[in-house]
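The primary structure of each chain is shown beneath.
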Protein chains: 2
Amino acid sequence: MTTVDIALLDVVAVAGGVLILSGWVHQIIKAYKTKSLRDVSWYLTMFIGAGSVLWITYGVHIWDVYIIGTNVAGITLMVTVILMKRKYDKMARRPPGPRLK
Amino acid sequence: MTTVDIALLDVVAVAGGVLILSGWVHQIIKAYKTKSLRDVSWYLTMFIGAGSVLWITYGVHIWDVYIIGTNVAGITLMVTVILMKRKYDKMARRPPGPRLK
């Protein structure tokens, strides 16, 4: 592969990672606005988090910075979604009306 | 890397891919039961689909079957989620009561 090919490949990998991550950023923004993540499956967030850990292991071994970078960022976003879902699901279960201290 | 390392690495990559994909399978099953994907962001599904296309391009160029396999399966699941979300969001917008033919 020529240096141009490699540079092009770098752009493709980075663009792929950025697209996937920005999808999750938008999901977080949507959840923050609607205060609801009820339709998002727990298993989805936890399995993606766990899968990302394995992909980081794989990426480190073959020393592929795109795999490592995308999945480290992916885990950060997944932990955010998990914390938000826990909070909003709890809020949804609480009976409406003022909270009695 | 010894052959054992490589075999171990294969297992890690496949396990990572299977975990992420099974997270989406569970999301599809949950959506099918609840008939709702309102909380799931459109951008999430479309950006992950587009990002997966780029990752397949990357995987083909460096000839990494795990990247290719995970992302081909990922796109299939994403198209499924998109079609389901389109259907359920439409159903949610329809006024309740019998459909007048």
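Residues numbered from 1 in each chain as written. Chains lettered and ligands numbered in written order. Predicted model: local features only at pLDDT ≥ 70, side-chain atom pairs only at ≥ 80, totals over all residues. Heavy atoms only, no water.

**Student:** Explain the packing of helix α2 (residues 42-61) of chain B against helix α3 (residues 65-93) of chain B to me, and be specific about the residues and the numbers.
**Tutor:** All names here are of chain B. Remark: α2 packs on α3, axes separated minimally by 9 Å, with the N-to-C direction vectors making an angle of 160 degrees. For the element pair α2 / α3, the angle class is roughly antiparallel. Here α2 runs over α3; the crossing is left-handed. Contacts between α2 and α3 involve W42, T45, M46, I48, G49, S52, V53, W55, I56, Y58, G59 and V60 on the former and, on the latter, I67, I68, N71, V72, I75, M78, V81, I82, K85, R86 and D89. Tallied by class, the residues present in the contact of α2 with α3 amount to 15 nonpolar, 5 polar and 3 charged. (Axes fitted to C-alpha atoms, helices over the stretch in contact; angles between N-to-C directions. Helix = DSSP H or I, 4+ residues; strand = E, 2+ residues; numbered from the N terminus. Parallel < 35°, antiparallel > 145°, perpendicular 65-115°, else oblique. Left-handed = near helix turned anticlockwise from the far one by under 90°. Contact = heavy atoms within 4.5 Å. Nonpolar A, V, L, I, M, F, W, Y, C, P; charged D, E, K, R; others polar.)

**Student:** How would you explain the pattern of salt bridges if you had to name every residue and give the values?
**Tutor:** Residue and element names in this part refer to chain A. Scanning the model with the defined rule gives 2 salt bridges over all chains in all. The salt bridge involving D89 is made with K85; its shortest N-O contact spans 3.0 Å. With D89 and K85 both in helix α3 (residues 65-93), this residue pair falls 4 residues apart, about one helical turn. Each member of the pair D89 and K85 is classed as buried. (Salt bridge = Lys/Arg side-chain N within 4 Å of Asp/Glu carboxyl O. Buried < 20%, exposed > 50% of the residue type's maximum accessible area, 1.4 Å probe, protein only.)

**Student:** Which residues make up the interface of chain B and chain A, and what values do they have?
**Tutor:** Chain B puts 38 residues into the contact, and the matching count from chain A is 38 residues. Roughly 3,400 Å² of surface becomes buried between chain B and chain A when both sides are summed, with 73% attributable to carbon and sulfur atoms. The largest contributions to the chain B side of the interface with chain A come from D39, W55 and Y58 of chain B, which together make up 21% of the buried area. On the surface where chain B and chain A come into contact, there are 0 salt bridges. Between chain B and chain A we count 15 residue pairs in polar contact (both at pLDDT 80 or more) in total. (Buried area = accessible area lost by both parts, 1.4 Å probe. Polar contact = N/O pair within 3.5 Å; in protein donor to acceptor, adjacent residues only side chain to side chain.)

**Student:** Could you give an account of a positive patch on the surface, with specific residues and numbers?
**Tutor:** Residues and elements named next belong to chain A. A contiguous patch of positive charge, built from R86, K90, R93 and R94, is present on the exposed surface. Here R94 lies in the segment after α3. The exposure class assigned to R94 is partly exposed, which follows from its relative accessible area of 37%. (Patch = residues over 30% accessible without salt bridge, like charges linked within 9 Å, V, L, I, M, F, W, Y side chains within 5 Å. Areas by Shrake-Rupley, 256 points an atom, 1.4 Å probe, with all protein chains shown as cover. Lys, Arg positive; Asp, Glu negative; His and termini not counted. Charge placed at Lys NZ, Arg CZ, Asp CG, Glu CD.)

**Student:** An account of the UniProt feature "transmembrane region" (unreviewed entry) in chain A is requested, with residue identities and associated values reported.
**Tutor:** All names here are of chain A. The UniProt entry lists residues 6-29, 41-60 and 66-84 under the feature "transmembrane region" (unreviewed entry), expressed in the numbering used here. Secondary structure within residues 6-29 divides into 100% helix and 0% strand; the distance between the first and last C-alpha atoms comes to 34 Å. Segment residues 66-84 splits into 100% helix and 0% strand. End C-alpha atoms: 27 Å apart. (UniProt positions renumbered as here; feature names shortened; annotations may be inferred.)

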